[in-house]
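Structure assessment
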Amino acid sequence: VSQAVLTHPTETERKLSMSVTGKVAIDETSSINVSGRGSVKASGQHSYAGGSYGGRGGYYGGEASPEEFGSYTAPFDYGIGADDLRGGGAVRLAANELVLNGSIQANGSSNGSHGGAGSGGSVWLRVNQLSGAGKVSADGGSARSGYSGSGGGGGRVAIHYKSNEDFDLNKVSSVGGTSGSGSSS
């Protein structure tokens, strides 16, 4: 199948969890994408503070973002959103072989106006053999440049494998997003 996108519903506690006894191949036109499918902002969180998960979202003035949480070896939580945006969703994939030439994404939502951005979500891969030229990301969303608001914190990515057949681990990211003005990341 080409040009396929696999996702999960928005924050329904039905995260994307798959166990495959054979091979999973994601071609360069396809993806697993749960970006912006996680939680809304935390209770009491200022709308301009960034969401948090693996990394802490940016503060807004004296308004703190939520604290970091979750497992770094077995991440399977939603990212926290900000303003009216969502954090990244959650992916868990176990397979004998993963050929990743496309992407697996659990990024937080970016803000196109005033307000904070969502944190990255989680990607947890457990495979015997890993290969391909693709990428994995659980990056925090960015606030709009020149507008008030803070970037979302990075999510969490854990990749457990027995054999890496030339998959470039530099194409794995869980970085925080950038802030607009009037905030500190």
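Residues numbered from 1 in each chain as written. Predicted model: local features only at pLDDT ≥ 70, side-chain atom pairs only at ≥ 80, totals over all residues. Heavy atoms only, no water.

**A word on the sheet that holds strand 1 (residues 5-6)**
The condition that has to hold: Two strands pair under a simple rule: DSSP has to find at least two bridges between them. Helix and strand definitions follow DSSP, with helices as H or I runs of at least four residues and strands as E runs of at least two, each counted in order from the N terminus.
Taken in spatial order, the five strands line up as 1-3-5-7-9 in an open sheet, and their pairing is parallel. With one partner strand each, in any of the chains shown, strand 1 and strand 9 (172-173) form the two edges of the open sheet. For strand 7 (residues 135-137) and strand 9, the ladder comprises two bridges, and the chain directions are parallel. Bridged to Ser137 within strand 9 is Ser173.

**Considering the sheet that holds strand 8 (residues 156-165)**
The pairing of strands in a sheet happens through backbone hydrogen bonds and is either parallel or antiparallel. Worth spelling out the cut-off: All axes are obtained by fitting lines to C-alpha atoms, using only the stretch in contact for helices, and the reported angles, taken between N-to-C directions, cover 0 to 180 degrees.
The sheet built from four strands is open, its strands ordered 2-4-6-8 with parallel pairing. Strands with a single pairing partner mark the edges of an open sheet, and in this sheet they are strand 2 (16-26) and strand 8. Averaged over all adjacent pairs, the angle separating strand axes in this sheet is 10 degrees, with direction ignored. The pairing of strand 4 (residues 90-100) with strand 6 (residues 122-131) spans nine bridges and is classified as parallel. The partner of Arg92 across the bridge, within strand 6, is Trp124.

Such coordinate-based values are descriptive only and should not be taken to indicate function.
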